[in-house]
Amino acid sequence: MAIQLKTLWIWTARLFALGVVLAFAGAIAVTVYVIRVSADLPTYEALENYQPPVMSRVHAGDGKLIAEYAREHRVFVPRDAIPDYIIQAFISAEDKNFYNHNGLDVRGIARAILANIKNKIQGRRLEGASTLTQQVAENFLLSTDQQFSAKVRKMVIAVRMEKVFTKDKILELYLNEIYLGNRSYGVAAAALNYFGKPLDELSLAQIAYLAALPKGPANYDPVRKKARAVARRNWVLGRMAVNGYVTEDMAAAARDEDLVVTNRLSGATYLAAEYFVEEVRRKVFTMYGEDQLYDGGLSIRTTLDTRLQLAARNALRAGLEEYDSRHGYRGPLAHLETLDDWSSALAEIKSIPDVDPAWVMAVVLDTTSEAARIGLVSGRIAQIPLSALEWARKPRPEAKLGPKIKTPSDVLKSGDVVYVEAIKDTDSDYNLRQPPNVNGAIMAMDPHTGRVLALVGGYSFQQSQFDRVVQARRQIGSAFKPFVYAAALDLGYTPASLVLDAPFIADGGGNTRFYKPGNYAEGKFYGLSTLRLGIEKSRNVMTVRLAQQIGMEPIVDIGVRTGIYDSLEPVLAMALGAGESTPWRMIGAYASIVNGGKKIVPTILDRVQDRNGKTIYRYDERDCPDCNVPAWGDYGQMEPALPETRPQVLDPVTAYQITSIMEGVVQRGTATRLRAVGKPLGGKTGTTNDYKDAWFLGFSPDLVVGVYVGFDNPATLGRGEAGGRVAAPIARDFLIDALKDAPNVPFRIPEGVRLVRVNGRTGELARPGEPGSILEAFRPGTEPMRSEQGVRLSIGRGQAGDEDDQTDEEEDDLGGLY
């Protein structure tokens, strides 16, 4: 018996020793394994310095959010700014023992091990027992892998985090890191993207829904899987009540609330800003790079005025559609071979992106002599009357039109799928519509600061991302003439100086033997005409003659100095705008005319701040110590004086003389359509050879606007489709809206200008009460005298020739090269 006990003791001792050795070896093995799999994990210092990627946000000048740039849409919110209910909801849903563990929930791990034995046997995905700390660790690992090694790595990081961070800091990281669907990383971004609210405005039901999402946002989609989403939300509310965070009554009231989400960054204002925010993206990307743009949490304050932007987009789209309707109907969107179940077939046809929201698709069912009967996508039956089809003639080459429409069958056939728009004040009558294939651009800017207030680079950003404001280099035509005449005024000419408008042939330069410009009215010339009439009526021949008189060197200089061109070939055709430029540059140059001759470089950015609120870019870098005084002082205190840093590129008197002449363009010349605005305006139209490009550039005392219209692949707009007919109405419609609340103030007159009443046609001194007289701007000593006209003539003395009314009509015949 003693021997047996001794033997048992020996074997027990041996087994114990073996167990100790195995345990020690196991501990060493586990330690080695943990060290190996965690060798590349973040250090304590890395954890302390960790900053999650944060999206950059773009605001308009009026404070409205217009865009976000991000790989992960996240708005970082510090713990102190997160309402307690949000923290309590996530703890209840994800980790009720959060405040009682060191990063690992041992009981949860034991439960998961037992469950995973069964899952492993059945081939199911392994479960986790992750705490909130471990879920934050997944973001450091950039992995949601459920394999054992990954779980060990997350456990190691979780333990490290608990040593480095306080519980509140871990919560802050978690609530700003967690992906909650709908492009949302973190609770602040989710609150905005799902409900359009900041965190402190969320209801209890909305908070509970956000807390339901970490288990799988796609499983609880508020639209596609609403019932499941509501059930999960209600479960979270129940857990909050069990844990004592809310009362049962509060939870019950929240359960009764409907789950309704919003579509943020949508609607007309957002769509209108698409070209603008893309230019902002390109600019900031160039300045700071991809990582800062998408992950740096930049706060970008832009110059955009959202009211003017929407007005600009509406005016441009309406103008392009109006032009398009003058040039016929290009055919149906699609064609149905059979009208069996036409409603279902119509619903399956893909719509063109970003068409007018008032347009709907319809299919032609049949036609009569008076109307085309149509079926709408809603299933309703309506008609397009013959009167609504009169514009829909067949297009022919060179922007010409086919025969007039006599019956609806001349345009439409049974099965044609078209866009239609309801005619106002009718029950079932519709107009035929089509998206234009012509395009254009409009931009408005403060001429004194260069702040771009509106920028629309085309009919639709969704249809074409090409920004015609910045990227379209096109001939500018007569829009360049004011700068030719400004060069002459700088050389001693006056607005009343006479230049001969008569047939003209000059050396073409280079390989071209002769250059022979022509006026809008072919073969017609107007004799001696004042410089004012040369711009007001957009006279081509006298402009080229003037350029020959003063030489191309000062014209090239003024074109480069004002920023229209980087360089310009000194040939006479360039005086009529044969050189190419962009609306962006042209609008900047026109600002120099109305602001007294100061050079302006347009800007779309006011300020950029980093994620910590530090300003890293400011457009206006002038120092202004007196701008930050704590309070306004005694009566009579002067406003702060800012240094003038804008270069002077035009003489102030010359700039005003051109401004005054361009007022005449609106009152009596090629842009009379803008008189409907009812405000002091100046401007100039422009059209290039064969009517390929149509321009209008103009201004009020405090706003400059430019419009360009043309085909992306240059082609004629059609005979008579000049700048005054195509581009000027777009500017008019925009300015009516933009200036409706603006004061009716005149243009500013600089020192050194003398206003003299003269005959508006001849430039001679006007007699008292003389019809057609105007106030003309002269430098003192250059005004006409009663005894002798004193005006500078290009050729001897003479009277201004008879003129045609060329209102709203002009063309730049850049050709005539032989």
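## Observations concerning the overall build of the chain
- Looking only at helices and strands, one finds 23 helices and 26 strands in the chain.
- Within the chain, the fraction of its 818 residues that count as buried is 52%.
- Intrachain contacts of the chain at a sequence separation of at least 6 include 70% that bridge at least 24 residues.
- Accessible surface, the chain as shown: approximately 38000 Å² in total, 52% of it carbon and sulfur.

## Describing the pairing of strand β2 (residues 65-69)
- With four of its five residues buried, β2 lies for the most part within the structure.
- Remark: five residues form the turn of the hairpin made by strand β1 (residues 56-59) and β2, two consecutive strands paired antiparallel; G63 in that turn has positive phi of roughly 95 degrees.

## Brief notes about the nonpolar core
- Core analysis: the biggest nonpolar cluster contains 138 residues, and Y590 and F734 have the highest contact counts within it.
- Apart from residues lying up to four places away in sequence, Y590 is in contact with A479, P482, F483, M662, K684, L697, G698, F699 and V704.
- The next biggest cluster of nonpolar side chains, apart from the first, holds 53 residues, and it includes I86, F90, A191 and A205.

## Concerning the sheet that holds strand β12 (residues 439-445)
- An order of β13-β12-β24-β23-β22 is seen for the five strands of this open sheet, with the pairing classed as antiparallel. The strands lining the two open edges of the sheet, one partner per strand, are β13 (452-456) and β22 (682-687). The mean angle between the axes of side-by-side strands here comes to 5 degrees, regardless of whether they run parallel or antiparallel.
- Bridge count for β22 against strand β23 (residues 693-700) is six bridges, and the pairing is antiparallel. What sits directly across from G682, in β23, is F699.
- Strands in contact with helix α14 (residues 306-325) are β12, β13 and β24 (703-710); relative to β13, the strand with the most contacts, it is inclined by about 30 degrees.

## Structural notes on a nonpolar patch on the surface
- Taken together, I749, L755 and L775 make up a surface patch of nonpolar side chains, about 250 Å² in accessible area.
- Among the structural elements, L755 can be located in strand β25 (residues 754-759).
- You can call L755 partly exposed: its relative accessible area is 36%.

## Digging into the layout of surface pockets
- The computed volume of the second largest pocket comes to approximately 510 Å³.
- In terms of lining residues, the second largest pocket is bounded by 18 residues, among which T449, Y619, D620, T645 and R646 are the most central.
- Residue composition of the lining of the second largest pocket, by class: five nonpolar, three polar and ten charged.

## Some remarks on the packing of helix α20 (residues 583-594) against helix α21 (residues 652-668)
- Interaxial distance between α20 and α21 falls to 7 Å at its minimum, and their mutual angle equals 105 degrees. Accordingly, the angle class assigned to the pair α20 and α21 is roughly perpendicular. Facing Y590, S592, I593 and V594 of α20, the residues of α21 in contact are A655, I658, T659 and M662.
- Here the contact of α20 with α21 is built from residues that sort into six nonpolar, two polar and no charged.

## With respect to the side chain of T688
- Position of T688 among the secondary structure elements: in the loop between β22 and β23.
- Among the polar contacts listed, one links the side chain of T688 to the side chain of D693, at a separation of 2.8 Å.

## Let's talk about the packing of aromatic side chains
- Applying the stated criterion across every chain, the model contains 14 aromatic pairs.
- With a centroid separation of 4.8 Å and 45 degrees between ring planes, the pair formed by Y179 and Y185 is classed as tilted.
- Connected via pairs of aromatic rings, a cluster forms that spans F480, F483, Y565 and Y590.
- When the ring centre of F98 is taken as origin, the NZ or CZ atom of K167, which lies over that ring, is 4.4 Å away.
- Lying across the ring of Y459, R317 places its NZ or CZ 4.1 Å from the centre.

## Observations regarding the sheet that holds β2
- A sheet is described by the order of its strands in space; here five strands give the open sequence β2-β1-β3-β20-β21, paired in mixed fashion. A strand with exactly one partner marks an edge of an open sheet, and here the two such strands are β2 and β21 (615-618). Neighbour-to-neighbour, the strand axes of the sheet open up by a mean angle of 15 degrees, direction not taken into account.
- Inspection of the sheet shows strand β3 (residues 299-302) paired to strand β20 (residues 605-609) by four bridges, in the antiparallel sense. The residue of β20 that forms the bridge with I300 is V608.
- In the packing of helix α13 (residues 274-295) onto the sheet, the strands contacted are β1, β2, β3, β20 and β21, and the crossing angle to β2 comes to about 35 degrees.

## A word on unusual backbone geometry
- A positive phi is found at D354, a non-glycine position, where the angle reads about 60 degrees.
- Here D354 lies in the loop between α15 (342-347) and β5 (359-367).
- Despite not being glycine, D425 shows a phi value in the positive range, around 65 degrees.

Quick notes on the rules
Residues numbered from 1 in each chain as written. Predicted model: local features only at pLDDT ≥ 70, side-chain atom pairs only at ≥ 80, totals over all residues. Heavy atoms only, no water. Helix = DSSP H or I, 4+ residues; strand = E, 2+ residues; numbered from the N terminus. Buried < 20%, exposed > 50% of the residue type's maximum accessible area, 1.4 Å probe, protein only. Contact = heavy atoms within 4.5 Å. Areas by Shrake-Rupley, 256 points an atom, 1.4 Å probe, with all protein chains shown as cover. Pairing = 2+ DSSP bridges. Core = buried A, V, L, I, M, F, W, Y, C linked by side-chain atoms within 4.5 Å. Axes fitted to C-alpha atoms, helices over the stretch in contact; angles between N-to-C directions. Patch = residues over 30% accessible without salt bridge, like charges linked within 9 Å, V, L, I, M, F, W, Y side chains within 5 Å. Salt bridge = Lys/Arg side-chain N within 4 Å of Asp/Glu carboxyl O. 1 Å grid on protein atoms, 1.4 Å probe; cavity = no way out; pocket = protein on both sides within 12 Å on 5 of 7 lines; lining within 4 Å. Points joined across faces, edges and corners; volume = space filled by probe spheres on them. Nonpolar A, V, L, I, M, F, W, Y, C, P; charged D, E, K, R; others polar. Parallel < 35°, antiparallel > 145°, perpendicular 65-115°, else oblique. Polar contact = N/O pair within 3.5 Å; in protein donor to acceptor, adjacent residues only side chain to side chain. Phe/Tyr/Trp six-rings, centres within 6.5 Å; stacked < 30°, edge-to-face > 60°. Lys NZ or Arg CZ within 6 Å of the ring centre and 35° of its normal.

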